[in-house]
Amino acid sequence: MNKEEIKHLSTLARIELADTEVDELTKDISVILDYVSVVQEIVDEAGDTEPELGARYNVFRKDDVTNEPDEYTKDIIANMPNEKDRYLVVKKILNTDSN
């Protein structure tokens, strides 16, 4: 890609770029496109063969609770700016009155 194409893309994306940024992007995009072409060559050489993958399964672990109930509750409540009955009190932001 050349500088004009980078500037055109930045205009389409509504991104303002300085001339130095355009120069850097021109170099970076060239490197990225070269890499993509190498990957594409590998895909083309592989043809229609399916890639061989290892076993496909999910690995689950048992969900063990490692702390005692309410172990951290006092610390959390102590850091709340406004609290009532162990709940965080926040400013109402939605109007639920139907008029």
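All values reported here derive from a predicted model rather than from experimental measurement. (Residues numbered from 1 in each chain as written. Predicted model: local features only at pLDDT ≥ 70, side-chain atom pairs only at ≥ 80, totals over all residues. Heavy atoms only, no water.)

### Regarding the overall build of the protein
Phase 1: Secondary structure assignment for the protein yields three helices and two strands.
Phase 2: When the helices and strands of the protein are listed from N to C terminus, the series reads α-α-α-β-β.
Phase 3: Burial analysis of the protein (99 residues in total) assigns 5% to the buried set.
Phase 4: In the form shown here, the protein has an accessible surface area of approximately 10,100 Å², with 53% of it arising from carbon and sulfur atoms. (Helix = DSSP H or I, 4+ residues; strand = E, 2+ residues; numbered from the N terminus. Buried < 20%, exposed > 50% of the residue type's maximum accessible area, 1.4 Å probe, protein only. Areas by Shrake-Rupley, 256 points an atom, 1.4 Å probe, with all protein chains shown as cover.)

### Observations concerning the pattern of salt bridges
Phase 1: Counted under the stated rule, the structure contains two salt bridges.
Phase 2: Linking Lys3 and Asp23 is a salt bridge whose minimum nitrogen-to-oxygen distance equals 2.9 Å. Residue Lys3 is found in helix 1 (residues 3-12), and its partner Asp23 is found in helix 2 (residues 19-46); the two are separated by 20 residues along the sequence.
Phase 3: Using a relative accessible area of 41% as the deciding quantity, one classes Lys3 as partly exposed. (Salt bridge = Lys/Arg side-chain N within 4 Å of Asp/Glu carboxyl O.)

### Observations regarding the confidence of the model for the protein
Phase 1: Chain-level statistics for the protein give a pLDDT mean of 85 and a share of 90% at 70 or above.
Phase 2: Looking at the elements of the protein, mean pLDDT is at its lowest for helix 2, recorded as 87, and at its highest for helix 1, recorded as 92. (pLDDT = per-residue confidence, 0-100.)

### Examining helix 1
Phase 1: At the N-terminal boundary of helix 1, the capping side chain belongs to Asn2, with an oxygen 3.2 Å from the backbone nitrogen of Glu4.
Phase 2: Remark: Arg14 follows helix 1 within two positions and exhibits a positive phi of approximately 60°. (Polar contact = N/O pair within 3.5 Å; in protein donor to acceptor, adjacent residues only side chain to side chain.)

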